[in-house]
Amino acid sequence: MNVKKNPNANLENKRGIFFLIGLAIALSASYFVLEYESPVKEIKFQTSGFFTEIMDDLPPVTKPKEPKKPKPLPLPAKIEVLDNISDITDDPIFDSSEDEADEPIDIFEPIEVEEETKPFKFYVVEDLPLFPGCEHIKDKKQQESSFWKEISKHVRKHFKYPEIAKEMGIEGKVYVQFIIKKDGSVDNIIIARGVDKSLDNESLRIVKKLPKLTPAKQRGKPVSVSFILPITFKLN
């Protein structure tokens, strides 16, 4: 016996509708779960007693005393300059009638001198350094006069006015500092106060040509002395 089904009671035809309804319900449930916010309870902390106990244990704040200002030291009544540069009166002066200058030389950097070998000031020593041929002079004033005479003669002999300085009309006074060592040789040649590179280089070249001198002596022993030589460049 065959059972006949009513076509209106067949649910297979409505499968698509049921699927869409289920999908809508699932999406609605997911949205509700994501948007739901749980209530946050307010938590109160009691801190007044805790901080009160900490503040009671801290030491009292004290303001540091201001240091007393030191009293200013009294200024000396007189300052004495011992360097030989203050005693210079007649400087070697050279004009443009001399020959042209040699090629410029490099300016030497000052060499640090150890404390135990630090040179004496020129006029402090008992016996001043002497040029060759003046070793017999014993009086200090005569030694000073002889030294200046010979060093001026040396400068005039080797002096050449730089051509570039002539063209530019450069004049001025150059101070060359150097040391006359215990063996009479000249070392540590530097420009103490310069004017122009060409004039400075010419001054260094002249001092480099100094001969070996009789060294200065202190208590009968040779010592090193520092000396500053001013050279004035003047055009006619």
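Each remark here, short or long, concerns the structure printed above.
Numbering of residues starts from 1 in every chain and runs along the sequence as written. Per-residue local features are limited, in this predicted model, to residues with pLDDT of at least 70; the limit for side-chain atom pairs, both in listing and counting, is 80 or more; totals at the level of whole chains, interfaces and linings are taken over all residues. Excluding hydrogens and water, the side-chain values take into account all heavy atoms of the structure.

## As for the overall build of the protein chain
Helix and strand counts for the protein chain come out as 5 helices and 7 strands. Going through the 236 residues of the protein chain one by one, you find that 28% of them count as buried. Working rule for contacts: check all heavy atoms of both residues, and any pair within 4.5 Å makes them a contact. Put simply, 77% of the contacts in the protein chain that link residues at least 6 apart link residues at least 24 apart. Surface summary for the protein chain: the accessible area is close to 18600 Å², and the carbon and sulfur share equals 56%. By definition, any uninterrupted DSSP run of H or I lasting at least four residues is a helix, any uninterrupted run of E lasting at least two residues is a strand, and each is numbered from the N terminus. Classification of residues uses two cut-offs on accessible area relative to the type maximum, computed with a 1.4 Å probe and protein chains only: under 20% is buried, over 50% is exposed, and between them is partly exposed. Note on areas: Shrake-Rupley with a 1.4 Å probe; residue coverage comes only from the protein chains shown.

## What to know about the packing of helix H3 (residues 140-158) against helix H5 (residues 197-208)
A fitted line through C-alpha atoms represents every axis, and for helices the fit uses only the stretch in contact; the resulting angles, taken between N-to-C directions, go from 0 to 180 degrees. Packing of H3 against H5 brings their axes to within 10 Å, and their N-to-C directions diverge by 120°. If you check the angle between H3 and H5, you find them oblique. Considering only the axes of H3 and H5, their crossing is right-handed. Residues His-154, Val-155 and His-158 of H3 touch H5, and the partners they reach there are Glu-202, Arg-205 and Ile-206. Here the contact of H3 with H5 is built from residues that sort into 2 nonpolar, 2 polar and 2 charged. Convention used here: angles under 35 degrees read as roughly parallel, angles over 145 as roughly antiparallel, angles from 65 to 115 as roughly perpendicular, and any remaining angle as oblique. Helix crossings fall into two classes, left-handed where the near helix is turned counterclockwise from the far one by less than a right angle and right-handed where it is turned clockwise. For this scheme, ten residues count as nonpolar: Ala, Val, Leu, Ile, Met, Phe, Trp, Tyr, Cys and Pro. Four count as charged, namely Asp, Glu, Lys and Arg, and the remainder, Gly too, count as polar.

## Examining the nonpolar core
By nonpolar core is meant a set of buried Ala, Val, Leu, Ile, Met, Phe, Trp, Tyr and Cys residues that side-chain atoms within 4.5 Å join together. Within the largest apolar cluster, 33 residues are counted, with the highest numbers of intra-cluster contacts made by Phe-147, Ile-151, Val-176, Phe-178, Phe-227 and Leu-229. If one sorts the elements of this core by residue count, strand S7 (residues 225-233) sits on top with 5 residues.

## A look at the packing of aromatic side chains
In this description, a pair of aromatic rings is defined by centroid distance and the angle of the planes. Only centres within 6.5 Å qualify two rings of Phe, Tyr or Trp (six-membered ring in Trp) as a pair; their planes then separate them into stacked at under 30 degrees, edge-to-face at over 60, and tilted for everything else. As enumerated under the stated definition, the model contains 10 aromatic pairs in all. Taking 5.4 Å as the distance between ring centres and 55° as the angle between the ring planes, the aromatic pair formed by Trp-148 and Phe-227 counts as tilted. One end of the pair, Trp-148, is in helix H3; the other, Phe-227, is in strand S7, and 79 residues separate them in sequence. When sorted by exposure, Trp-148 lands in the same class as Phe-227, which is buried.

## Side note on unusual backbone geometry
Look at Asn-188: it is not a glycine, yet its phi comes out positive at around 55°. Relative to the helices and strands, Asn-188 is located in strand S4 (residues 186-193). Judged by relative accessible area, which is 13%, Asn-188 ranks as buried. Of note in the backbone geometry, Arg-219 takes a positive phi value of approximately 60° without being a glycine. Turning to its location among the elements, Arg-219 is positioned in the loop between strand S5 (216-218) and strand S6 (221-223). Residue classification places Arg-219 among the exposed residues on the basis of a relative accessible area of 74%.

## Side note on a nonpolar patch on the surface
A patch consists of residues exposed above 30% relative accessible area that lack any salt bridge, with like charges linked at up to 9 Å and nonpolar side chains (Val, Leu, Ile, Met, Phe, Trp, Tyr) linked at up to 5 Å. Between Lys or Arg on one side and Asp or Glu on the other, a salt bridge is scored when a side-chain nitrogen of the former is within 4 Å of a carboxyl oxygen of the latter. Residues Ile-17, Phe-18, Ile-21 and Ile-25 make up a contiguous nonpolar surface patch of roughly 420 Å² in combined accessible area. With respect to the element layout, Ile-21 can be found in helix H1 (residues 15-35). For Ile-21, a relative accessible area of 44% gives the class partly exposed.

## Comments concerning the side chain of Ser-203
Relative to the elements of secondary structure, Ser-203 occurs in helix H5. Other than its neighbours up to four places away in sequence, Ser-203 contacts Val-174, Val-176, Ile-231 and Phe-233.

## Notes on the environment of Val-223
Considering the arrangement of structural elements, one finds Val-223 in strand S6. A residue is classified by how much of its surface remains accessible, and Val-223, at 11% relative accessible area, is buried. Residues Val-223 and Gly-184 lie 39 residues apart in sequence; the distance between their C-alpha atoms is 9.2 Å.

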